[in-house]
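Okay, here's what each chain looks like letter by letter:
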Amino acid sequence: MNTKERGRRRFLKGGAALAGLAVGEIRSASGQAIGSERPEVRPEDFRAYGERSRFVTSVRRDPRNPNSRTPLQDSVGIITPSALHFMVPTWIDPPDIDPWQHRLLIHGMVDRPLIFSMEELKRLPSVSRIHFVECAGSGDSLEERKKNGMLAETVQRTHGLTACSEWTGVLLSMLLRETGVQKEATWLVAEGAEPRKRSKSIPLEKAMDDVLVAYGQNGEPVRPEQGYPLRLVVPGFEGVHNIKWLRRIKVLDQPSMEKEETSHYPTQRPDLGKARWFQFEMGPKSVITFPSGGQRLPSRGFYEITGLAWSGGGAIQRVEVSTDGGRTWKDAELQEPVLRMAHTRFRFPWNWDGDEAVLQSRCTDDVEAIQPTLAEFGRIWGGVDSEYLKTTRNKVNHINAIQPWKVSRDGSVRNALL
Ligand SMILES: Nc1nc2c(c(=O)[nH]1)N[C@H]1C(S)=C(S)[C@@H](COP(=O)(O)O)O[C@H]1N2
Ligand SMILES: [Mo]
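No experiment lies behind these values; they were computed from the predicted model shown.

Conventions used here
- Residues numbered from 1 in each chain as written.
- Chains lettered and ligands numbered in written order.
- Predicted model: local features only at pLDDT ≥ 70, side-chain atom pairs only at ≥ 80, totals over all residues.
- Heavy atoms only, no water.
- Near = heavy atom within 4 Å.
- Polar contact = N/O pair within 3.5 Å; in protein donor to acceptor, adjacent residues only side chain to side chain.
- Areas by Shrake-Rupley, 256 points an atom, 1.4 Å probe, with all protein chains shown as cover.
- 1 Å grid on protein atoms, 1.4 Å probe; cavity = no way out; pocket = protein on both sides within 12 Å on 5 of 7 lines; lining within 4 Å.
- Sits in = over half its atoms within 2 Å of the grid points.
- Nonpolar A, V, L, I, M, F, W, Y, C, P; charged D, E, K, R; others polar.
- Helix = DSSP H or I, 4+ residues; strand = E, 2+ residues; numbered from the N terminus.
- Buried < 20%, exposed > 50% of the residue type's maximum accessible area, 1.4 Å probe, protein only.

Draft legend 1. Summary view of the site of ligand 1. Residues in close proximity to ligand 1 total 21 residues, the closest being Phe-86, Glu-194, Arg-231, Asn-242 and Lys-244. The side chain of His-85 places a nitrogen or oxygen atom 3.2 Å from an oxygen atom of ligand 1. Here an oxygen atom of ligand 1 sits 3.1 Å away from a polar atom, N or O, in the main chain of Val-88. For ligand 1, the protein covers 100% of the area, taking 530 Å² as the surface of the free molecule. Taking a 2 Å distance to the grid points as the criterion, the majority of the atoms of ligand 1 fall inside the largest cavity. Considering only residue class, the shell around ligand 1 consists of 10 nonpolar, 5 polar and 6 charged.

Draft legend 2. Summary view of unusual backbone geometry. Residue Pro-229 follows Tyr-228 across a cis peptide bond; omega there is 5°. Mapped onto the elements of the fold, Pro-229 is located in the loop between strand 8 (220-221) and strand 9 (231-233). Omega for the bond connecting Phe-290 with Pro-291 falls within 30 degrees of zero, at -5°, which places this linkage in the cis form. Even without glycine at this site, Asn-218 takes up a positive phi of about 50°. Among the secondary structure elements, Asn-218 is positioned in the loop between strand 7 (212-217) and strand 8. Using a relative accessible area of 24% as the deciding quantity, one classes Asn-218 as partly exposed. In this model, Met-257 sits at a positive phi of 50°, which is unusual for a non-glycine residue. Mapping Met-257 onto the fold places it in the loop between strand 10 (246-252) and helix 7 (259-263).

Written out as structure tokens, the structure is:
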């Protein structure tokens, strides 16, 4: 027998042994049949500016909610694609700003008020940093329950008011030094260029620390929805500080008490009978993005639980995962690099035995702040109980409670916060 024949014989033997296993059907690694409903693929056109595959359908809006939220359930890694970065506000079109006409004015309590064109800003020493932006209202599935009688179903709706990008620009501290900030100054107010000129007061201490005046996002100019041609990135602070379409910064010796910051953003403290006027840092928060609400596990067996953690207080130090409703917790693996005030990806191997399971994550940041349960959050926030949080018409911002997802026997996953 020559070598060719021997090879053929071995092949036939192997074939016979396999024949009993699967006839004419290829199975995927999870045991699910594959290849049954594959849509027809047509050759892609060459595109001057790339587009994703037509099989990828993740979008910022979901059919039942016109708001623009990051589809975290589909996210991988830590960078949010610019096209999927949530946008607030949703009820306006981004202003159509000509970068050649655009100017940034810095004035107020400074020795030399200055006006910068975009070309002038781009000549200055630049930095690139990866940071999340998160709206103060993110994480609030109770709000949706009050409106629709139902807890938000998906992670896009519970936590989709955050996203993480690489931002490129100049440090605001450098521009402020150029203008010569006077020594009585303690605050500034930043203003956007859209018709209603949204403004926000920011403590000077933060402005002199790590605030970016950004013209770049994920390797290209900031998107119109994110503030083209120029925005503030105020690492770790609630979203509203990150003024987009930035046109003016006025240095002050007190907060300017803008309408929005005095009407919309303070939270009432029922225990003290007072309101907290200004809130800055977002607390430590994490959420499992897979498996999460609205998804379905096709079969029992191995899954990688994965999610995101972030904190306005610094870097994430630790993420723990519980698959038994919070009885036991084990450390998840953190994806490197773990960056300050940035989304951090965590991973946790899990074997689903087919029984009901409640999955949740909790994080600790590098100033040792631990993500609270909803009940703990109520106590920290103002001596209130879960009942108050469920029913109050007062605005409750900065909810960073642990988010439980319940996996049912049929594999469906739903929000189990209450
Ligand atoms: N000029 C301007 N900047 C703004 C706002 C705005 O309405 N106008 N919204 C703020 C709020 S409330 C949030 S949460 C963030 C959202 O940033 P993003 O749309 O890039 O995600 O932008 C902030 N910057
Ligand atoms: Mo916001």
